[in-house]
Amino acid sequence: MSSGFSASRGGGVVAEFEPAEVSILRSLVTQVLGLIVPGQTSEDPLERALGIGAAEVPSDPVLARLFPAAYQDADEASEFRRYTEATLRDGKRADAQTMLDTAKAGRSELTPEQAQAWLRSLNDVRLALGIRLEVTEEIHDEIASMSEDDPRYPAYVTYDWLTYLQDSLVRALW
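Bear in mind that the values here come from a model prediction, so they are computed numbers and not experimental data.

K.L.:
Describe helix α1 (residues 19-35), and please don't skip the residues or the numbers.
P.N.:
Here α1 spans 25 Å end to end across 17 residues, near enough to the 24 Å set by a 1.5 Å rise per residue. The complete set of buried residues in α1 reads Glu21, Val22, Leu25, Leu28, Val29, Val32 and Leu33. For α1, the angular spread of the buried residues around the axis is 140°, confining them to a single face. In α1, those exposed residues whose orientation departs by more than 90 degrees from the buried face are Pro19, Ala20 and Gly34.

K.L.:
So, the pattern of salt bridges: which residues are in play, and what are the values?
P.N.:
The full count for this structure, using the stated rule, is eight salt bridges. As a salt-bridge pair, Asp95 and Arg120 come within 2.7 Å of each other at their nearest N and O atoms. Taken together, the positions of Asp95 in helix α4 (residues 74-102) and Arg120 in helix α5 (residues 112-133) put the pair 25 residues apart, joining distant regions of the chain. Residue classification places Asp95 among the buried residues on the basis of a relative accessible area of 10%. With a relative accessible area of 41%, Arg120 lands in the partly exposed category. A salt bridge links Arg152 to Asp150, with the nearest nitrogen and oxygen atoms 2.9 Å apart. For Arg152, a relative accessible area of 40% corresponds to the partly exposed category.

Rules of the game
Residues numbered from 1 in each chain as written. Predicted model: local features only at pLDDT ≥ 70, side-chain atom pairs only at ≥ 80, totals over all residues. Heavy atoms only, no water. Helix = DSSP H or I, 4+ residues; strand = E, 2+ residues; numbered from the N terminus. Expected span 1.5 Å × (residues − 1). Buried < 20%, exposed > 50% of the residue type's maximum accessible area, 1.4 Å probe, protein only. Arc of directions from axis to C-beta. Salt bridge = Lys/Arg side-chain N within 4 Å of Asp/Glu carboxyl O.

In C-alpha cells, the structure reads:
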C-alpha cells in the first residue's frame, strides 16, 4: 500500500502508488467524471459567455452533494446555482482530468497546482463514494466490526483509504 503523499521542494508533493492503487483511483475518478457532465448554459450568447446556466437542483444524491445549495431560501439558492454551477462543473471536470493525467504507478512529483487539483478531486471522489455507501461518522467502527466476506467490505475499505490519502495530501501541502 502507498505511503500517501509527502512534501517536496518548491511546494509540490511526492506520491508513490502501486499499479493496483492507480487503477482504483483512475476507475473512481472516471466514474465521478462520468456523473459530472459539462456545465450547461443557455442559448443566449451573453449568458453562455458568462457561464450562466440552469437553476435546477440535481436529482442524483451524489450530484446534490457535489453541488449543494448555497442558501436555505429556495429562490436565492436557485439564483446562485444559475450563476455558478456551470463553472463549478467545469472546474471539477478539469481537476478530475488533472488527476487522471498525473496518476502514475511508482514515484511521481506533483506541482503545487496539480496537488491542489488532486485534493479537490479526491474530495469529490470521497463525497461521491460516501453518499453511495451512506457513510456515517461511525464508519471506522463499522469497518472494524465488518467481516471481510461482507460484500460491502471492499468499498468501505476503499473509502477509508481515500480518507487516508486526502489527509496525507493535506498534510503534505501544509
